[in-house]
Structure formats: C-alpha cells, structure tokens
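So you can see what is in the structure, the chains are spelled out below.
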Amino acid sequence: MEGAGENAPESSSSVPGSDESARDPQALPLEEESGDCARSLEAKKLCGYLSKFGGKGPIRGWKSRWFFYDERKCQLYYSRTAQDANPLDSIDLSSAVFDCKADGEEGIFEIKTPSRVMTLKAATKQVMLYWLQQLQMKRWEFHNSPPAPPAAPDAALAGNGPALHLELGQEEAELEEFLCPVKTPPGLVGVAAALQPFSALQNISLKHLGTEIQNTMHNIRGNKQAQATGHEPPGEDSPQSGEPQREEQPLASDPTTPGREPEDSPKPGPKSSLTISFVQKAKRQNNTFPFFSEGITWNRTAQEKVAALEQQVLMLTKELKSQKELVKILHKALEAAQQEKRASSAYLAAAEDKDRLELVRHKVRQIAELGRRVEALEQERESLAHTASLREQEVQELQQHVQLLMDKNHAKQQVICKLSEKVTQDFTHPPDQSPLPPDAADRDFLSQQEKIEHLKDDMEAYRTQNRFLNSEIHQVTKIWRKVAEKEKALLTKCAYLQARNCQVESKYLAGLRRLQEALGDETSECSELLRQLVQEALQWEAGEASSDSIELSPISKYDEYGFLTVPDYEVEDLKLLAKIQALEVRSHHLLGLEAVDRPLRERWAALGELVPSAELKQLLRAGVPREHRPRVWRWLVHLRVQHLHTPGCYQELLSRGRAREHPAARQIELDLNRTFPNNKHFTCPTSSFPDKLRRVLLAFSWQNPTIGYCQGLNRLAAIALLVLEEEESAFWCLVAIVETIMPTDYYSNTLTASQVDQRVLQDLLSEKLPRLMAHLGQHHVDLSLITFNWFLVVFADSLISNILLRVWDAFLYEGTKVVFRYALAVFKYNEKEILRLHNGLEIYQYLRFFTKTISNSRKLMNIAFNDMNPFRMKQLQQLRMVHRERLEAELRELEQLKAEYMERRTSQRRAMSDSCASEDEVEGEA
C-alpha cells in the first residue's frame with residue numbers, strides 16, 4: 001500500500017515521456033543497442049530504482065520503485081518495476097524543492113511539492129547526491145527553455161540553441177561552487193539499472209490495484225509473445241537476467257564498492273578488526289565523496305578566456321534576441337497600420353450605407369475576438385500570479401527550514417568541538433587514578449577513536465547537507481525571479497492589449513458618432529439600426545460585467561479621488577462622446593503604466609528628503625504618484641506658509657466661528673451644495689467632506705477678513721481636502737494659494753488681478769497661437785468668458801482629475817506661470833478642432849466643454865513645458881504691470897464718469913425739488 005498523499009496517475013493507458021527502452025523487456029540488454037549516438041542518448045536518461053517510504057498502519061515501510069523522468073512535462077514518474085506499462089503515480093518537479101537528511105539513514109532525501117512530501121532512499125550516498133543534482137538541473141532546464149515538441153525528442157536532447165547551453169553551463173558552474181558534481185554511479189542509474197532484481201510480492205501496491213492488474217496483464221502478454229517467437233523475456237529466473245546478476249556479484253563482494261561490506265572475508269582478531277574497519281571507512285569515504293579527495297588542476301588563463309568568450313556570446317545572443325523582438329514589434333505595428341489603412345479606405349470607398357454598416361459589423365467582430373484574447377491572457381496572468389505566490393511561499397518555507405538546519409548544525413558543531421577538546425585533554429592529561437589493565441586501556445582507546453571517527457563522519461555529512469541546501473536555495477531563488485519576470489512581462493502585454501482594445505472601441509464609437517451626425521434625424525431603416533448600435537455601445541460595459549466575471553477594460557464609475565470617470569453631460573447626444581473620452585483616458589493610462597508611470601514611481605521612491613532643486617521641478621511637472629502626493633503637497637504648502645503658520649491657529653479660528661456667525665456664512669452654505677456635483681465625496685449624504693469643507697471656508701473667512709469669502713474658494717479648498725484629507729492641511733493649502741501664490745487682489749471685490757491676467761492671456765495667445773486668435777477675432781469670440789474661471793479656480797472645473805492634479809503639482813511649486821502655460825497648451829491641443837468651426841455660436845458651445853475632451857496628459861504636459869517655450873517670468877510680470885496700469889486707468893475713468901453722473905443726478909434732483917417748492921409757494925399765495 002502506497003502513502004496516503006500520492007495522487008492518481010495521469011494516464012492509465014500510456015505514459016507521456018516515459019522511457020520505453022527501460023520498460024520493454026526486449027530492449028533491456030545493452031548489447032542490443034548499436035552505435036555511439038544511442039549510447040550517448042541512453043547515458044543522458046535519468047532513471048533507476050529508489051526505495052519509497054509509504055503505506056499505512058503496520059505495513060508502512062520502504063518499497064522499491066522504478067523512477068524515470070519525463071523531459072517534456074518535468075514529471076518524475078514511478079512504477080513497480082521497469083517492465084511495467086503504466087506508472088503508479090508522478091511527481092511535478094517544476095514546483096518541487098529537494099532536501100537531504102544528514103541525521104537519518106544513509107541515502108535518504110525528500111521531494112517536497114505544494115501538495116505532499118515524498119521520502120525516498122537511494123542505495124548509497126553517492127547515488128542520492130547524483131539524483132539530487134540531476135533533479136536540480138532538470139528543474140532548471142525546464143524553467144529556462146520551452147518544453148520540447150513531442151515529434152522531435154532528438155532535437156530536445158541535442159539542445160535548444162547556444163543561449164540555452166550557456167545558461168545551463170552557467171548554472172552548473174554556479175552549483176559547483178556549493179557542491180562538486182557527482183560522477184554517475186555505474187549500474188545504479190540509467191537503463192542499466194533496470195536489470196537489478198526485485199521482489200514482486202513485496203512491492204505490490206494495493207492503492208493502485210487497477211494499475212497493478214494492467215501491468216501484470218501487459219507482462220503476461222509480453223511473456224507469451226516472447227515464448228511464441230522463441231525468445232524468453234528476462235525476468236527473475238531467466239538466464240538473460242541471471243548473467244548480469246552474476247556479473248554484479250563481484251561488485252557486491254568488493255570492499256571498495258560504496259555502501260557494501262565483503263560477505264566472505266575472514267574475521268580478524270579484536271585488535272586488528274578496528275584497524276581494518278578504519279581502512280574500510282577511509283576507502284568508503286574516498287569512494288563516496290571523490291570530489292573531496294581528488295585534486296583538479298585548471299589552466300586559469302585559458303579558463304578566463306573561455307569565460308570571457310562565453311560572456312561575450314551570451315551578450316551577443318541577448319542583443320540579437322532583443323533586435324528580433326524589436327523587428328517583430330515593428331512588423332506587427334506595420335501590419336496593424338496597413339490593416340487600419342485598408343479598413344479606412346474600404347469605409348471611404350463604400351458607396352452605400354449597407355456596405356459601411358457591414359464594415360462596422362466587421363469591426364465589432366474584431367473587437368469581440370480581441371476581447372476573447374485579452375480574457376485568455378488575463379486568466380493566464382492570474383494563474384501565473386497564483387503560481388508565483390505559491391513559489392514565494394515555498395521559498396519562505398525552505399528558508400525557514402534551512403535556518404533551522406543551520407542552527408541545528410551550529411549547535412552540533414559546538415557539541416562536537418567540546419567533545420573533541422575533552423577527548424584530547426583526556427589523552428594528553430589523563431586524570432590521576434589507578435592504572436588500568438592493558439586490555440582495558442586498549443579498549444578505552446579504541447572506543448574513543450571510534451567515537452571520533454563517527455563524529456567526523458557526522459560532520460562531513462552535515463557539511464554535504466549544508467552545501468546542497470545552499471545550492472537548492474540559490475536555484476529556487478533564481479527560478480522565483482524568472483517567474484516574477486515572466487509575470488511582469490505578461491502584465492505589460494495584458495495592459496498593452498487592454499489599451500489597444502480601448503482604442504479600437506473608441507474608434508468604433510467615434511465612427512458611430514460621425515454616422516449619427518451625418519444621418520441626422522432621418523427615419524430610415526439605417527438610422528434606426530444606427531440608433532440601436534449606439535444604444536448597445538453605451539450599455540456595452542454593463543452587459544459584459546453582468547455576463548462575465550472578468551472585465552477586459554474595466555472603467556469604474558469613479559476614479560481614485562471620487563470624480564466621475566465618464567463625464568455626466570446633460571445633452572443626450574453627448575453621452576456617446578463621454579464614453580469615447582473615458583476609453584481614451586483608459587487607453588493612455590494603460591500605455592503609460594509601464595513605460596512612464598513605473599519609472600516615475602521608482603524615481604520618487606528613491607528621492608528621499610524633499611529639497612528645492614531642478615530635479616524636483618522636473619518630477620513635479622511630470623506628476624506626483626498618488627501614494628506620494630499627500631506628503632509632497634504638505635511639504636509644498638509648508639514651504640509657502642512657514643512665515644504665516646502658527647500652532648493652534650486653525651483651532652482658534654474655528655472657536656471664533658462657533659462664538660458668532662460670520663457674515664459670509666450664508667454664502668458659504670449656498671456654495672457647499674454646488675461644489676463638485678460629479679464627485680461622490682461631496683454628493684453622498686453620509687460623507688464627511690461637506691462638513692470639513694464648511695469648517696475650512698469659515699476658518700479662512702476669519703483668517704482673511706479683507707476677502708472673507710469669494711466664489712471659487714470652495715473648489716480650491718475641496719481639491720485640497722480630496723488630496724490631503726486633513727482639515728488643517730487643506731486650510732493652510734487654501735491660505736498658500738490665496739495669500740502667497742496668487743496676486744494680492746486676485747479674489748477681492750473688484751477681481752482686479754484676475755481681469756489683468758485675462759488680458760495677459762490674450763497677448764500671449766496672440767504671440768504663441770496667432771492663427772487661432774485671428775480665427776476667434778473674425779467670429780468675435782471673447783475668450784475671457786471661458787478662461788476667467790480657469791484662472792480663478794486653477795482649472796478645478798475644467799480638466800479631468802488625472803490631468804488637474806498634475807497641473808496642481810507644478811502650480812504649488814512654480815506659481816501662476818503654470819496656469820498660463822496650461823491655458824496656452826489647452827488651446828494648442830484643440831487648435832485644429834476650433835479652426836474647423838466657422839460659426840460663433842458653435843465655437844462658444846465647443847469651448848464650453850472642450851477641456852473635458854483632453855485625455856492624453858503626457859501630450860498636454862509636453863505642449864505646456866516644451867512647445868510654449870520660451871516663457872519667461874520677467875515677460876509675464878511686465879505684461880501684468882502694463883495691463884494693470886491700463887485697467888486702473890479705465891477704472892479711474894469709470895469712477896470719474898460715475899461721480900459725474902451722480903453729481904448730475906444730484907443737481908437734477910435738487911432742481912426738481914426747488915421747482916416743486918416754488919410751485920407750492922405760488923399755490924399757497926393763491
């Protein structure tokens with residue numbers, strides 16, 4: 001009966017990857033093999049007899065099993081004998097770790113998988129080390145090369161290219177640093193080991209009784225066929241099998257054979273027996289561990305040259321592989337571009353609406369196929385992630401086990417050292433006692449010598465175990481790293497495919513929108529079909545989420561800061577446009593995740609303490625990762641308000657507000673309900689953000705009585721609350737923006753500085769984008785109606801949250817110059833679309849929401865900080881000064897006209913009152 005943890009065999013009819021020559025009775029004799037190639041192939045096969053510990057209850061014990069390795073599946077199969085047709089079970093070596101036992105019987109080792117632990121025993125320690133090293137190399141070869149095709153096993157044995165040989169050779173060299181390679185034990189492993197005798201009755205497996213019956217029937221049929229052809233199959237009593245057994249008998253009686261003692265040797269006397277046992281142990285030790293006694297001389301100069309050449313070949317191979325991958329990527333990109341060009345040409349060449357709709361349906365089928373591919377890759381990624389987590393757990397368990405073994409080994413070494421010192425002291429300085437008889441002294445000396453020999457053997461065994469475990473940890477760690485790299489590559493590929501899926505879907509929706517605009521309100525059949533397609537496209541994501549558990553390109557309703565990812569346009573026709581925008585944002589995010597965002601996160605993680613510098617300026621312009629943004633914003637705010645900040649100031653302002661009501665409290669209460677209606681944190685009835693915002697605005701009204709409260713401050717404070725989450729931090733952020741970053745009278749009653757910046761923006765647009773300004777001037781478009789709110793709330797109502805917060809990252813550090821840069825970049829980003837419009841009303845309608853259509857944050861940032869250069873602060877200050885003087889002159893003139901008007905009104909009222917008084921006097925006299 002086998003162990004309870006064994007799994008059922010994968011196939012009861014055939015053994016994939018098994019060694020047929022090792023199981024076929026007619027193929028057992030090695031003399032029938034012809035040619036050096038056949039012998040070399042047989043030498044590479046890993047197979048042989050091992051004892052397996054299993055069973056239950058009183059019949060639990062060791063049973064001999066025939067083990068053979070499958071190259072294609074990285075499976076170690078085992079059966080009762082080498083002649084069996086079907087294996088009893090298999091062990092998956094791809095996720096297994098190995099361990100050798102130094103404190104147990106000789107030759108015992110373990111194979112540990114996530115599902116079970118199998119204990120095996122080899123005939124000698126040399127055979128055990130050979131099996132462990134070969135299993136390690138097979139596992140490494142499987143993880144570093146794809147499985148060989150079933151039709152070409154010779155190619156797999158011949159090699160899979162120079163790169164694979166270099167990697168395997170490098171791994172063998174690294175493992176040699178821990179444990180020297182063990183020579184192949186003759187007759188104990190390989191095809192020749194199948195000739196060893198076995199006890200059939202003792203090795204019967206009751207757990208796999210069905211497989212045992214099938215194997216028995218197979219052997220009976222083989223024997224009948226052999227007798228019919230005149231050839232008796234080799235068995236326990238056959239002469240063919242008896243000759244190799246008789247040839248092996250001298251090996252069993254040879255005193256130099258590992259792990260065996262001579263049976264017919266004469267027994268010496270008691271005094272000479274110890275001397276002979278010392279000789280036998282020394283021979284056995286030298287024969288078991290040849291790598292400890294044999295000296296190997298190396299030519300260091302030639303070895304260094306070979307290593308340098310191998311390193312150069314490896315580098316050239318990697319470079320060639322990368323170039324091939326690049327050529328493949330370029331070919332795929334070219335094919336995709338050609339296919340898109342052909343599709344566009346076919347769409348434009350289609351004369352009828354039916355042909356165009358057929359092309360649209362073809363695109364739908366392509367999108368569905370791409371979706372299925374992405375789903376398959378997502379499932380593969382999840383399986384790899386699960387495998388990687390299992391590997392990591394195995395590595396951690398193995399590290400803990402190794403640490404325990406090292407501690408145990410250290411404790412044993414200390415005990416051995418103490419015993420050795422004690423024995424030495426006893427021999428050099430014997431205690432004062434009566435002299436022992438000569439025979440007793442000899443026996444005591446011999447017992448001490450025997451103990452020392454045993455301790456030396458134990459020390460050598462533990463050293464061997466320690467070296468092997470170190471090599472096992474080294475290899476398992478490298479395998480885990482390779483699995484992590486593969487998982488990372490699959491994640492990158494999955495993100496790229498998801499981005500491509502979003503792009504294809506957005507193009508499809510854009511095509512539907514153009515067809516919808518072209519058809520208008522026609523009541524034809526095509527128009528009805530188009531409306532159905534649009535409705536299905538808008539409900540596409542919800543249908544996929546309900547039907548499948550895996551979302552291919554999940555676009556959640558809210559982003560990480562609570563803003564709606566799909567803009568909630570009031571006009572029904574713009575809902576399709578909102579879905580297109582959300583897909584474009586998702587696409588750019590996925591494409592930039594590995595190429596831009598990951599290196600940026602690494603740079604921020606390695607930045608350390610924040611200090612004003614050119615590097616920090618570039619990082620802030622590129623955007624702060626979400627996990628670092630609260631810390632960075634607190635530092636930027638402190639840099640601005642450190643001369644204003646006093647401990648306990650915020651709490652004092654709140655207590656003042658509780659004592660009496662501020663005049664602006666009513667206006668603040670009205671604006672609370674109008675703050676970010678597209679953000680769940682300010683629209684949810686149970687959210688605490690509205691109360692926090694109320695307290696921040698009231699505290700600021702007491703902090704700055706000259707401003708008190710101005711419409712727009714609620715959105716500035718709300719953005720600070722969403723990022724910083726703390727009331728006091730958001731309060732000081734609002735103070736930094738209003739009192740240190742923006743000009744002094746930016747939020748005053750007259751909004752003088754705000755009006756000045758609008759005129760400065762007009763001059764900069766005329767300088768940077770003259771064609772656009774001429775087009776807007778031709779249609780009498782006043783941009784200040786659109787851009788005034790941009791500057792007042794720093795784009796809080798205009799840009800999507802992903803771009804808005806990147807604008808604020810640079811704005812808090814550089815100041816209002818960033819607002820001008822991004823205002824110019826927004827118009828440059830949409831310049832072509834604005835130039836296509838030739839009606840003032842259409843231009844106003846487009847400018848009302850065109851900032852929400854910007855989805856590529858990297859492109860907008862490059863326009864703002866590269867295309868708008870040169871952009872000097874000195875020029876901005878000069879323009880502000882000129883326009884402030886003009887505006888103040890206009891305001892003084894307006895005040896003068898107002899005063900003259902009031903004076904005329906006063907004189908007119910006085911004249912009217914005088915005339916009325918004179919008329920009353922005349923009437924009184926009358």
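My aim in this report is to walk through the structure given alongside it, one point at a time. (Residues numbered from 1 in each chain as written. Predicted model: local features only at pLDDT ≥ 70, side-chain atom pairs only at ≥ 80, totals over all residues. Heavy atoms only, no water.)

**Let's talk about the overall build of the chain**
When its secondary structure is counted, the chain shows 32 helices and seven strands. The buried share of the chain, reckoned over its 926 residues, is 41%. (Helix = DSSP H or I, 4+ residues; strand = E, 2+ residues; numbered from the N terminus. Buried < 20%, exposed > 50% of the residue type's maximum accessible area, 1.4 Å probe, protein only.)

**So, the pairing of strand β1 (residues 47–54)**
Burial within β1 is extensive, with six of its eight residues counted as buried. By the bridge criterion, eight bridges tie β1 to strand β2 (residues 61–70) in an arrangement that is antiparallel. Bridge pairing in β2 places glycine 54 opposite glycine 61. (Pairing = 2+ DSSP bridges.)

**Some points on the sheet that holds strand β5 (residues 97–100)**
The seven strands lie next to each other as β4-β3-β2-β1-β7-β6-β5, forming an open sheet whose pairing is antiparallel. A single partner strand is all that each edge strand has here, and the edge strands are β4 (89–92) and β5. Averaged over neighbouring strand pairs, the angle between their axes works out to 35 degrees when direction is ignored. Here strand β3 (residues 75–79) runs beside β4; their pairing, made up of four bridges, is antiparallel. Bridged to glutamine 75 within β4 is aspartate 92. Across the sheet, helix α3 (residues 125–144) is in contact with β1, β2, β3, β5 and β6 (108–112); its angle to β5 comes to roughly 165 degrees. (Axes fitted to C-alpha atoms, helices over the stretch in contact; angles between N-to-C directions. Contact = heavy atoms within 4.5 Å.)

**Thoughts on empty space enclosed by the protein**
For the structure shown, the criterion picks out five cavities of 30 Å³ or more. One number sums up the size of the largest cavity: a volume of about 80 Å³. The wall of the largest cavity is formed by Ser94, Ser95, Ala96, Val97, Arg139, Arg391, Glu394, Val395, Val476, Ile479 and Trp480. Each residue belonging to the lining of the largest cavity can be placed in one class, and the counts come to six nonpolar, two polar and three charged. (1 Å grid on protein atoms, 1.4 Å probe; cavity = no way out; pocket = protein on both sides within 12 Å on 5 of 7 lines; lining within 4 Å. Points joined across faces, edges and corners; volume = space filled by probe spheres on them. Nonpolar A, V, L, I, M, F, W, Y, C, P; charged D, E, K, R; others polar.)

**Looking at α3**
Helix length check: α3, at 20 residues, gives a terminal C-alpha distance of 29 Å against a target of 28 Å (1.5 Å per residue), a fit within 8%. The element α3 is largely enclosed, with a buried count of 17 among its 20 residues. (Expected span 1.5 Å × (residues − 1).)

**Describing the packing of helix α28 (residues 817–829) against helix α31 (residues 857–867)**
Geometrically, a packed helix pair is captured by the angle between its two axes and the distance between the axes. Running from N to C, α28 and α31 cross one another at 120 degrees; their axes reach a closest spacing of 8 Å. In terms of orientation, α28 lies oblique with respect to α31. With respect to the hand of their crossing, α28 and α31 are arranged in right-handed fashion. Between α28, through Val818, Arg821, Tyr822, Ala825, Val826, Lys828 and Tyr829, and α31, the contact on the second element is made entirely by Lys859, Leu860, Met861, Ile863, Ala864 and Phe865. Class assignment for the residues of the contact of α28 with α31 results in ten nonpolar, no polar and three charged. (Parallel < 35°, antiparallel > 145°, perpendicular 65-115°, else oblique. Left-handed = near helix turned anticlockwise from the far one by under 90°.)

**Focus on the side chain of serine 729**
Counting through the fold element by element, serine 729 comes out in helix α23 (residues 727–741). Take serine 729: its relative accessible area is 15%, and that puts it in the buried class.

**A short note on the packing of aromatic side chains**
Tallied over the full model, the rule gives 19 aromatic pairs. Between phenylalanine 731 and tryptophan 732 the ring centres are 5.0 Å apart and the planes differ by 70 degrees, which places this aromatic pair in the edge-to-face class. As far as burial versus exposure is concerned, phenylalanine 731 and tryptophan 732 are alike and both buried. A network of ring pairs unites the aromatic residues Trp790, Phe795, Phe827, Tyr846, Phe849 and Phe850 as a single cluster. For lysine 859, the ring lying beneath its charged end belongs to tyrosine 829, and the centroid distance is 4.6 Å. (Phe/Tyr/Trp six-rings, centres within 6.5 Å; stacked < 30°, edge-to-face > 60°. Lys NZ or Arg CZ within 6 Å of the ring centre and 35° of its normal.)

**Section: the environment of leucine 879**
Position of leucine 879 among the secondary structure elements: in helix α32 (residues 873–925). With 118 residues separating them along the chain, leucine 879 and leucine 761 place their C-alpha atoms 9.4 Å apart. With sequence-adjacent residues up to four places away left out, leucine 879 is seen in contact with Val760, Asp763 and Leu764.

**Overview of the pattern of salt bridges**
This model, assessed by the stated rule, comprises 25 salt bridges. The salt bridge partner of glutamate 110 is lysine 112, with a shortest N-O separation of 3.8 Å. With a relative accessible area of 13%, glutamate 110 lands in the buried category. With a closest N to O distance of 2.1 Å, arginine 715 and aspartate 797 form a salt bridge. (Salt bridge = Lys/Arg side-chain N within 4 Å of Asp/Glu carboxyl O.)

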